[in-house]
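The chain contents come next:
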Amino acid sequence: MKRIKTFPFSSWPSSTTTDEAKDCMQSLENGMLLSFPSLNFQITPEEQALFSSNLVKSNRKNISFDLTTDKMKGCEASQDIEPIIHKMIQRFAGLSVEFVENILPHYKEHLITGRTSFRPVEIKGRENPSYKKNDTLLHLDSFPSRPTKGKRLLRFFANVNPFEIPRIWKLGEPSKQVMKKFLPKVKSPILGSRSLMNRFGITKSYRILYDHYMLHIHDKMKQDTDYQKNAAQEIVEFAPHTCWMAFTDQVSHAVLSGQYVFEQSFYLPIDAQESPEKSPLVYMEKLLQKNLRT
Ligand code: SIN
Ligand code: FE
């Protein structure tokens, strides 16, 4: 099956025909990755001169930004440099929200803007505190402290590498196969554990059963060295000065190398999908014959 669908959009925002918008939405819901090889997020020479992995605080992977509060976290820079980085991330967040809303008009009213990140650290050779945090291993996105409560995770990326270096990913097998393989290996949560995690702030909100199963599938995929080696996979290169997006809770992926990428996250309630039955939540409910929304 073809995994990537290419679109010719080249401006921020891009005008789309009704057919193109439908194609974007349906391709995403079918588990494809959308590639925009002509869409370049422009970096100014002043910004580019500051590019360095040292911009990130030593205990973090990325610099993160919240468009709704205008707060930036994880940046280690002097008082004259920090506002330049802040403005650059803010500009990326604003443009990418507008771009994504424009190509996905059907989602627009329902899309929740998540965090933005700037990733100036080279992936290859980067140290990870545990295998669970190692994104060079194939996984479906799911985060321990941030339950989505069934909402979809839609992420938009821009490679802004000034040295012509691509972002190299691997794409794994379709999520239905991943779930069939790993879901039977995940145990039900221990009674009361999800309430306790919520009460003590381990999770930012209550983990519904769906979040529990997604997170454990994520961990089990990364832990399984045979699977990492032998599962169907292909290498994909995202050239510098290009963008791409996917439902990363549905597209099995790993990042192998590259430096200087922006990312904008969105959450989408499954009822806003054209076909909610294509969501991981509904598919998992079918497999387990169980309501996972509690
Ligand atoms: C990931 O979502 O696993 C990381 C993607 C990237 O930083 O390129
Ligand atoms: Fe990921």
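Residues numbered from 1 in each chain as written. Chains lettered and ligands numbered in written order. Predicted model: local features only at pLDDT ≥ 70, side-chain atom pairs only at ≥ 80, totals over all residues. Heavy atoms only, no water.

Undergrad: An account of unusual backbone geometry is needed here, citing residue identities and associated values.
TA: Note on backbone geometry: most residues besides glycine have negative phi, and most peptide bonds are trans. Of the consecutive residues W12 and P13, the connecting peptide bond is found in the cis state with omega at -10 degrees. Located in the positive-phi region is D70, a residue other than glycine, with phi close to 65 degrees. Turning to its location among the elements, D70 is positioned in the loop between β3 (63-66) and β4 (71-73). Unlike most non-glycine residues, K149 shows phi in positive territory, near 55 degrees. (Helix = DSSP H or I, 4+ residues; strand = E, 2+ residues; numbered from the N terminus.)

Undergrad: How would you summarise the packing of aromatic side chains if you had to cite specific residues and measurements?
TA: Within this structure, the stated rule accounts for 26 aromatic pairs. Between F51 and F118, the aromatic rings sit 5.4 Å apart at their centres with planes inclined by 50 degrees, giving tilted as the arrangement. Note that F51 is positioned in the loop between α2 (45-48) and β3 and F118 in strand β5 (residues 112-119), a separation of 67 residues in sequence. Of the two residues, F51 and F118, both sit in the buried class. Ring centres of F92 and F156 lie 6.1 Å apart, and the angle between their planes is 20 degrees; on these two criteria the pair is classed as stacked. (Phe/Tyr/Trp six-rings, centres within 6.5 Å; stacked < 30°, edge-to-face > 60°. Buried < 20%, exposed > 50% of the residue type's maximum accessible area, 1.4 Å probe, protein only.)

Undergrad: Let's hear about the coordination of the iron ion (ligand 2): which residues, and what values?
TA: Bound to the iron ion (ligand 2) are the protein donor atoms H139 (NE2), D141 (OD) and H253 (NE2), situated 2.0 to 2.2 Å from the metal. Sequence positions of the residues that donate to the iron ion (ligand 2) give the spacing H-x1-D-x111-H. Residue H139 is found in the loop between β5 and β6 (152-159), and its partner H253 is found in strand β10 (residues 253-257); the two are separated by 114 residues along the sequence. Of the residues examined, H253 reaches a relative accessible area of 6% and is grouped as buried. (Donors = N, O, S within 2.8 Å, 3.2 Å for Na, K, Ca; no water.)

Undergrad: If you had to explain the sheet that holds β10 to someone new, which residues and values would you point to?
TA: Within a sheet, adjacent strands bond to each other through the backbone by hydrogen bonds, running parallel or antiparallel. Strand order in this open sheet of 3 strands is β8-β7-β10, and the pairing throughout is antiparallel. Looking along the sheet, the strands with just one partner apiece sit at the ends: β8 (234-238) and β10. Going across the sheet, the axis of each strand differs from the next one's by a mean of 30 degrees, ignoring polarity. (Pairing = 2+ DSSP bridges. Axes fitted to C-alpha atoms, helices over the stretch in contact; angles between N-to-C directions.)

Undergrad: Residue-level account of a positive patch on the surface, with values.
TA: Where like charges cluster on the molecular surface, the positive patch consists of K57, R60, K73, R115 and K204. You can see K57 is positioned in the loop between α2 and β3. (Patch = residues over 30% accessible without salt bridge, like charges linked within 9 Å, V, L, I, M, F, W, Y side chains within 5 Å. Areas by Shrake-Rupley, 256 points an atom, 1.4 Å probe, with all protein chains shown as cover. Salt bridge = Lys/Arg side-chain N within 4 Å of Asp/Glu carboxyl O. Lys, Arg positive; Asp, Glu negative; His and termini not counted. Charge placed at Lys NZ, Arg CZ, Asp CG, Glu CD.)

Undergrad: Can you tell me about the site of ligand 1, naming the residues and giving the values?
TA: Around ligand 1, the neighbouring residues are R119, D135, H139, D141, R155, F157, R167, W169, H253 and V255. Calculation on ligand 1 without its partners gives an accessible area of 260 Å², and the protein chains cover 97% of this total. Elements with a contribution of two residues or more to the shell around ligand 1: β6, β7 (167-171) and β10. Looking at the shell around ligand 1 residue by residue, the classes come out as 3 nonpolar, 2 polar and 5 charged. (Near = heavy atom within 4 Å. Nonpolar A, V, L, I, M, F, W, Y, C, P; charged D, E, K, R; others polar.)

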